[in-house]
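Below, each chain spelled out in residue letters.
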Amino acid sequence: MAYLINRLLSVALTLFLISVITFAVTNILPGDVAMMIMGTQSNPEALAGLRESLGLNDPQIVQYGRWIGGILTGDWGTSLVFKEPIGPLIAQKVTASALIVVMSMTIALVCAIPLGVWAAVHRDRWQDGTASTAALIGVSLPDFFWGIMLILLFARGLGWLPSSGFVHPADDFTLAVRHAFLPSLALGLGLMAHLTRMTRATMTGILGQEFIRVARAKGLSERTVVWRYGLANAIGPVLTVAGLQVGYLFGSIIVVESLFNYTGMGWLTYQALLNRDIPLIQGSVFVIAAVVMLANLAVDLLYTLIDPRIRLA
Amino acid sequence: MRGFLTPKGLIGAAIVIIVLAIAVFAPLIIPDKLATAMDMRARLSGPTLAHPFGTDQLGRDLFYRVMLGARTSVLIAGSAVLMSIVIGLPLGIVSGYYGGVIDNVLMRLVDTLLSFPALLLALTISAVLGPNLTNTIIAIGIAFTPFLARIIRGEALRVAQMPYVEAARAAGTTDAMMIVRHILPNIMPAIIVQGTISLAFAILAEAGLSFLGLGTQPPDASWGLMIQASRDYLDVAPWTALVPGAAVALTVLGLNMFGDVLRDVLDPRTTS
């Protein structure tokens, strides 16, 4: 119980720090919101009036207080580009991105774990060489390059899947998955390469340990030794690394969603950044950082469920 | 040192040296004219004898442009990583060596910064400062700092608990001397390994930023920019994306291979 309370307090403190950093980074902008609304050619007096009415002349700390107060009470302001309230706008885009984040993570884990185990079992033989080389090339290619190749192959070449656009899963689930598939694969391939390397390294370490030799000496089948004894011990670290990659994914979706015109959180953030839509930048950056932090927390808690040796203390 | 004499080490080192050589010498050898010459009759031409890598939408030779792009990518990635080490080193050492309240406060801040995806942080800083070459370096440099500070702190903490540090302290060594004489030399291998791996990530980050129009700006040649420009011509001229994409991939691959081997040689406690 004390652990949980401690943990929650720590989450609250981190969220507070995230909000401060978000606000600080976006407030060193040379222009301000008033200039964004009225344009650079506007009448200086009107501009000064708008600044006053928006409270832009108040001290930074007062402005921060007003912003965080709005965030807490659900008033996230209005996007300058989309002319819509930011809260609902972000909520809608987050669900779109959740689909490709979950799909890409699934693709990555489903392929990376068997591949990494396979490489570790055949350590230093051709199987290991092939898998390790493929994984090394995989981590070296930028996501958007994967994306372009996938568009060329599956959309333009074979015509199997759409190369751009977003369909809401509630409207037509199959079509939504078809639209989400190529962006997810573009994100998933790089991640898969990374996790394959991680699984291989962890498994190699574990397969060299005493208890594996004991298991083999007992006459257990190789399959039981590798999967029940080996992987059961490797899965924790692998899942932890996978969880840490959620942050990487939320960075990459900015590039990949823009490439595929997939109107999720990454696309929204990119539009906000391109148009210097300050309130929307603040909202999006805050939400992404908060989601990443909470995802890492979830992985920590999950870890304690998977590995009973780790007690909540 | 034997680790370098593996195929992985040799190929990795060769790629890194070749890319560095191209980055340094290509702009000196290739006349500007060749890289910017527009051959309108040969727009989006496929690989030919005259243009071995084909041409782009303005009929410019892709071979020359990808060579010139190397300088931008290497310059930005190198400066950004250097910057993150210069900022991260004192933060990490102070945190790891002194511990206590300073460590708690600094690492809480670093952990919070790590919640921001590096690419998002770099894009935001670049958009806020206004995208150009210098600001791209600053953006990537700041975005990579928390990660390096974390690694350096861990290493400093480990070294600070070594018996020889204790012995030196008993002999009356001052903190400043201790950091310079004992901590710094012993965390250097880890910094070199992480720096090399970070270079690979920085090359990818620069390409990503430029691809989104928030990094290097024309007329500078950059691999990310070239891929961005190719998007409208993918159907007719896929090589306009493949050539710069391959350049990024090969460079990052070389750095990753070299980094793996460096880690095996310098920092054997961790495996690749």
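Fair warning: this is a prediction, and the values are worked out from it, not measured in the lab.

We now examine the overall build of chain B. A count of helical and extended segments in chain B gives 10 helices and 0 strands. Per-residue burial for chain B yields a buried fraction of 52% across its 272 residues. Counting contacts in chain B only where the partners sit at least 6 residues apart, residues at least 24 apart contribute 70% of the total. In the form shown here, chain B has an accessible surface area of approximately 11,900 Å², with 70% of it arising from carbon and sulfur atoms.

Residue and element names in this part refer to chain B. Under the local residue numbering, the UniProt record ascribes the feature "transmembrane region" (unreviewed entry) to residues 9-30, 74-97, 109-129, 135-152, 187-216 and 236-259. In residues 9-30, helix accounts for 95% and strand for 0%; the two terminal C-alpha atoms are 30 Å from one another. Annotated as residues 236-259, this span is 88% helix and 0% strand, and its ends, taken at the C-alpha atoms, are 37 Å apart.

Residues and elements named next belong to chain A. One pass over the structure, following the stated rule, counts 11 aromatic pairs over all chains. An angle of 70 degrees between the planes, with centres 5.5 Å apart, marks the rings of Phe23 and Tyr64 as edge-to-face. Of the two residues, Phe23 sits in helix α1 (residues 2-26) while Tyr64 sits in helix α4 (residues 60-73), which places them 41 residues apart along the sequence. Comparing Phe23 with Tyr64, the two get one shared label, buried.

This part is about the UniProt feature "domain: ABC transmembrane type-1" (unreviewed entry) in chain B. As annotated by UniProt and renumbered to match this structure, "domain: ABC transmembrane type-1" (unreviewed entry) occupies residues 70-259 of chain B. Helix makes up 83% of residues 70-259 of chain B and strand 0%, and the two end C-alpha atoms of the span are 19 Å apart.

This part covers the UniProt feature "transmembrane region" (unreviewed entry) in chain A. Residues and elements named next belong to chain A. Residues annotated by UniProt as "transmembrane region" (unreviewed entry) correspond here to residues 98-121, 133-155, 175-195, 238-260 and 280-306. Secondary structure over residues 98-121 splits into 100% helix and 0% strand, and the C-alpha atoms at its two ends are 34 Å apart. For the annotated span residues 133-155, helix accounts for 91% and strand for 0% of the residues, and the straight-line distance between the end C-alpha atoms is 27 Å.

Attention now moves to the interface of chain A and chain B. Counting from both sides, the interface comprises 46 residues of chain A and, opposite them, 41 residues of chain B. Both faces combined, the contact of chain A with chain B buries some 3,700 Å², and carbon together with sulfur accounts for 76% of it. Of all residues in chain A, Ser140, Phe144 and Leu273 of chain A give up the largest surface area on contact with chain B, accounting jointly for 15% of the area buried on that side. Our count for the chain A to chain B interface comes out at 1 salt bridge. For Arg197 of chain A, the salt bridge identified is with Asp260 of chain B, shortest N-O distance 3.1 Å. Counting every contact that joins chain A to chain B gives 8 residue pairs in polar contact (both at pLDDT 80 or more). Counting only elements with at least two residues in the side of chain A that touches chain B, the list comes to α1, α6 (126-140), α7 (143-157), α8 (173-207), α10 (222-259), α11 (265-274) and α12 (278-306) of chain A.

Turning our attention to the domain arrangement of chain A. Interfaces are frequently sized by the accessible area removed from exposure as the parts join. Along its sequence, chain A is carved into domain 1 (31-75) and domain 2 (88-278). Domain 1 of chain A and domain 2 of chain A are separated by 41 Å when their C-alpha centres are compared.

This part is about the UniProt feature "domain: ABC transmembrane type-1" (unreviewed entry) in chain A. The UniProt record marks residues 94-303 of chain A with the feature "domain: ABC transmembrane type-1" (unreviewed entry), using the residue numbering of this structure. Counted over residues 94-303 of chain A, helix gives 83% and strand 0%. Its end C-alpha atoms are 25 Å apart.

Residues and elements named next belong to chain A. Its identity is not glycine, yet Lys83 carries a phi of approximately 50 degrees, on the positive side. One can find Lys83 in the loop between α4 and α5 (86-121). On the accessibility criterion, Lys83 (65% relative accessible area) is exposed. Its identity is not glycine, yet Arg276 carries a phi of approximately 50 degrees, on the positive side. Among the structural elements, Arg276 can be located in the loop between α11 and α12. In this structure Arg276 comes out as partly exposed when scored by relative accessible area, which is 25%.

Before going further, it helps to examine the packing of helix α9 (residues 223-230) of chain B against helix α10 (residues 239-266) of chain B. All names here are of chain B. Two numbers describe how α9 lies on α10: the axes approach to 8 Å, and their chain directions differ by 150 degrees. Considering their axes alone, α9 and α10 lie roughly antiparallel with respect to each other. The two elements α9 and α10 meet at a crossing, and its hand is left-handed. Contact with α9, carried on its side by Trp223, Met226, Ile227 and Ser230, involves Thr240, Ala241, Pro244, Gly245, Ala247, Val248 and Thr251 of α10 and no other residues of that element. Split by residue class, the contact of α9 with α10 holds 7 nonpolar, 4 polar and no charged.

Residues spaced three or four apart along an α-helix point in a common direction, a consequence of the helix completing one turn every 3.6 residues. Between its first and last C-alpha, α6 of chain A extends 21 Å over 15 residues, near the 21 Å set by a 1.5 Å rise per residue. Of the positions making up α6 of chain A, those classed as buried are Gln127, Asp128, Ala131, Ala135, Leu136, Gly138, Val139 and Ser140 of chain A. Elements that come into contact with the buried residues of α6 of chain A comprise α5, α7 and α8 of chain A together with α1 (7-29), α8 (175-211) and α10 of chain B.

Further remarks concern α10 of chain B. With 28 residues, α10 of chain B extends 39 Å between its outermost C-alpha atoms, agreeing within 8% with the 40 Å of an ideal straight helix rising 1.5 Å per residue. The buried count for α10 of chain B comes to 21 of 28 residues, which makes it a mostly enclosed element.

Another point: the confidence of the model for chain B. Residue and element names in this part refer to chain B. Predicted confidence across chain B gives a mean pLDDT of 84, with 88% of residues reaching 70 or more. Between the elements of chain B, mean pLDDT differs from a low of 65, seen in helix α2 (residues 32-36), to a high of 91, seen in helix α6 (residues 133-160). Interface confidence in the predicted complex, given as ipTM, is 0.83; pTM for the same model is 0.86.

Turning our attention to a nonpolar patch on the surface. Residues and elements named next belong to chain B. Taken together, the side chains of Val24, Phe25, Leu28 and Ile29 make up a nonpolar region of the molecular surface, amounting to roughly 440 Å² of accessible area. The residue Ile29 is located in helix α1 in this model. Judged by its relative accessible area of 64%, Ile29 falls in the exposed class.

Thresholds applied
Residues numbered from 1 in each chain as written. Chains lettered and ligands numbered in written order. Predicted model: local features only at pLDDT ≥ 70, side-chain atom pairs only at ≥ 80, totals over all residues. Heavy atoms only, no water. Helix = DSSP H or I, 4+ residues; strand = E, 2+ residues; numbered from the N terminus. Buried < 20%, exposed > 50% of the residue type's maximum accessible area, 1.4 Å probe, protein only. Contact = heavy atoms within 4.5 Å. Areas by Shrake-Rupley, 256 points an atom, 1.4 Å probe, with all protein chains shown as cover. UniProt positions renumbered as here; feature names shortened; annotations may be inferred. Phe/Tyr/Trp six-rings, centres within 6.5 Å; stacked < 30°, edge-to-face > 60°. Buried area = accessible area lost by both parts, 1.4 Å probe. Salt bridge = Lys/Arg side-chain N within 4 Å of Asp/Glu carboxyl O. Polar contact = N/O pair within 3.5 Å; in protein donor to acceptor, adjacent residues only side chain to side chain. Domains from an automatic or database assignment. Axes fitted to C-alpha atoms, helices over the stretch in contact; angles between N-to-C directions. Parallel < 35°, antiparallel > 145°, perpendicular 65-115°, else oblique. Left-handed = near helix turned anticlockwise from the far one by under 90°. Nonpolar A, V, L, I, M, F, W, Y, C, P; charged D, E, K, R; others polar. Expected span 1.5 Å × (residues − 1). pLDDT = per-residue confidence, 0-100. Patch = residues over 30% accessible without salt bridge, like charges linked within 9 Å, V, L, I, M, F, W, Y side chains within 5 Å.

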